[in-house]
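This is what each chain is made of:
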Amino acid sequence: MTTDKAGWTADREAFRGGRELSGGGPLAGQFAELTRALLNAPTVADVLDQVVTAAHRVIPGADLVSITLRTADDCFHTPVVTNVVAAELDRIQYETGEGPCVEASRNPGPAEIRSDDLATETAWPRFGPEAARLGFHSVLSVALAPNARPPRYSGALNVYSRRPGALAPDAHEPALLLATHASLALAGTTAVTRADLTVAQLHRALESRDVIGQAKGVLMARRGIGADEAFDELRRASQDLNIKLTALARLVTARNAEADLLPADD
Amino acid sequence: MVDGRRYQRLWRLVTARARGRDFSGWAGVVCVVAVEDVGVDGAAISLRSSGRAQELAAASGSWARGLEELQYSAGDGPGVEAFTTARPVFVTELDRAGQRWPGFLDTATGLGLAAVFSFPLQAGAVRLGTLDLYRREPGALPADRLADAAVLADLATGALLIDAASGEGASWAQADLPGHYDDVNVAAGMLATALRISVDDAFLRLRARAFSSGEPLLGIARSVLDRRLRLDLFLD
């Protein structure tokens, strides 16, 4: 018993360490890499994070990826995104009650909902134009497998692209594979409760707060203003541009990082 | 296994305490009960993440708060380890802890810390943060007190979730209110812009400065914000 367990642990450790990577081409390699990352992911939220990151990497044309979770009482959440703009695109769908992520998570099963031209999409008269206004023109959502045990979740993996028709007809294949990983992670524990989602939101708040603080600092240094003034300016710009404060802050700090690459002009 | 009666007794202590006039969230009450019931000198609850982000949710007093801040400054310490490993971390004689937590240990013993008991706060499958119990006397906790501490860690988890969800929600649960370590982030943003380096790099330089000067990271950050510290001191 003990030796079996030790053997199993050793196998798993070896796998995690990458010593058993067999051949089979770049796709097999990518898959092994993802599986290893998933094994190492300590929490459900981390698994979901890995899934959206992998989808962003392997699906050609994918600019943004998110996961939608829908609770039995019809509340929608976006626990993970590759970029905050994806959370905004999801939110518009939750609010208007239309769009692929809402449809896919209301119809758990092998559903694949897509649009190749959101600006002219007649199925979603409110979400389509709004998404196009934000610069996103095609979308693909695949349903997560529903959780058999209570609490019953359904959900979707959502892939957004800036270009019309950018997501290939077979893009749903890797998306479904990754959605399965996400479903397994969610089903692997009876502990995916509301608390988990609250925790995910709390952790996002932690990181958002850091980036807002950093953006304040960037503005203070650039303009020689105080912290309160910098925050007011961020807040005002966020309202004027209709961009969430966190997204704007991320933009401000990212621009600053880009500036690193430029030679000093003074 | 959670002992039902122990749980009930501690829950009653917490709810009785929460009727006090200075109630400002359940997490704070759990810290107060931890100090009184477990018999330690300080208790603190921090939200932690796998990255640099942390938030101080509650502390029983300034000593415990300082020790939490020190873990943030150093990026290591018993709470950080309990969170990362998902296991409780007990150090009963801190001055014999050797090379563990190089950034934390010396300063902590200097502040009078002799023993520490850190519990990961687990909400379902995910970890939220830690309950850190600090004591000025070395030595283990009696088994009975240790069992109480483990139950209080459970209550602390619930306390955080309730605080975050109730009413407007606790300030630490809201992304657009400045957190306990806001000044450090602002200073990192300033320094990054002034020196044309990344925010991560700026953070590391602030931390290095705190480490070499023995001043807390928040103090260094505030000196940068008040422009009391010349930014070129942070150049390589």
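Quantities reported herein were computed from a predicted structural model and do not represent experimental measurements.

Asks: Sorry if this is basic, but what is going on with the nonpolar core here?
Replies: Proteins that are soluble and globular tend to have nonpolar side chains buried together. Residues and elements named next belong to chain B. One finds Leu 94, Leu 113, Leu 206 and Phe 234 to be the most contacted residues of the largest nonpolar core, which totals 56 residues. When residues in this core are grouped by element, the largest group, eight residues, is from helix H7 (residues 182-195). Leu 113 has contacts with Trp 63, Leu 67, Leu 94, Phe 104, Ala 108, Tyr 134 and Arg 135, leaving out every residue within four places of it along the chain. Core analysis: the second largest hydrophobic core is formed by 43 residues, Ala 18, Leu 121, Ala 123 and Trp 172 among them.

Asks: What am I meant to see in the sheet that holds strand S3 (residues 112-115) of chain A here?
Replies: Strand-to-strand pairing in sheets goes through backbone hydrogen bonds, with the strands running parallel or antiparallel. Residues and elements named next belong to chain A. Spatially, the five strands line up as an open sheet ordered S2-S1-S5-S4-S3, and their pairing is antiparallel. Two strands close off the open sheet at either side, each with one partner strand: strand S2 (76-81) and S3. Strand after strand, the sheet turns through a mean of 20 degrees between neighbouring axes, direction not considered. Against the sheet, helix H4 (residues 84-96) makes contact with strand S1 (64-70), S2 and strand S5 (154-161), and its axis sits at roughly 40 degrees relative to S1, the strand it touches most.

Asks: I would appreciate a short explanation of the sheet that holds strand S5 (residues 126-135) of chain B in the present structure.
Replies: Residue and element names in this part refer to chain B. Taken together, the five strands give an open sheet; going across it, the order is S2-S1-S5-S4-S3, and neighbouring strands pair in antiparallel fashion. Since the sheet does not close on itself, it has two edges, and those belong to strand S2 (54-59) and strand S3 (89-91), each with one partner. For this sheet, the mean angle separating the axes of adjacent strands, direction not counted, is 20 degrees. Where S3 meets strand S4 (residues 115-123), three bridges bridge the pair, whose relative direction is antiparallel. Paired with Val 89 across the bridge in S4 is Ser 118.

Rules behind the numbers
Residues numbered from 1 in each chain as written. Chains lettered and ligands numbered in written order. Predicted model: local features only at pLDDT ≥ 70, side-chain atom pairs only at ≥ 80, totals over all residues. Heavy atoms only, no water. Core = buried A, V, L, I, M, F, W, Y, C linked by side-chain atoms within 4.5 Å. Buried < 20%, exposed > 50% of the residue type's maximum accessible area, 1.4 Å probe, protein only. Helix = DSSP H or I, 4+ residues; strand = E, 2+ residues; numbered from the N terminus. Contact = heavy atoms within 4.5 Å. Pairing = 2+ DSSP bridges. Axes fitted to C-alpha atoms, helices over the stretch in contact; angles between N-to-C directions.

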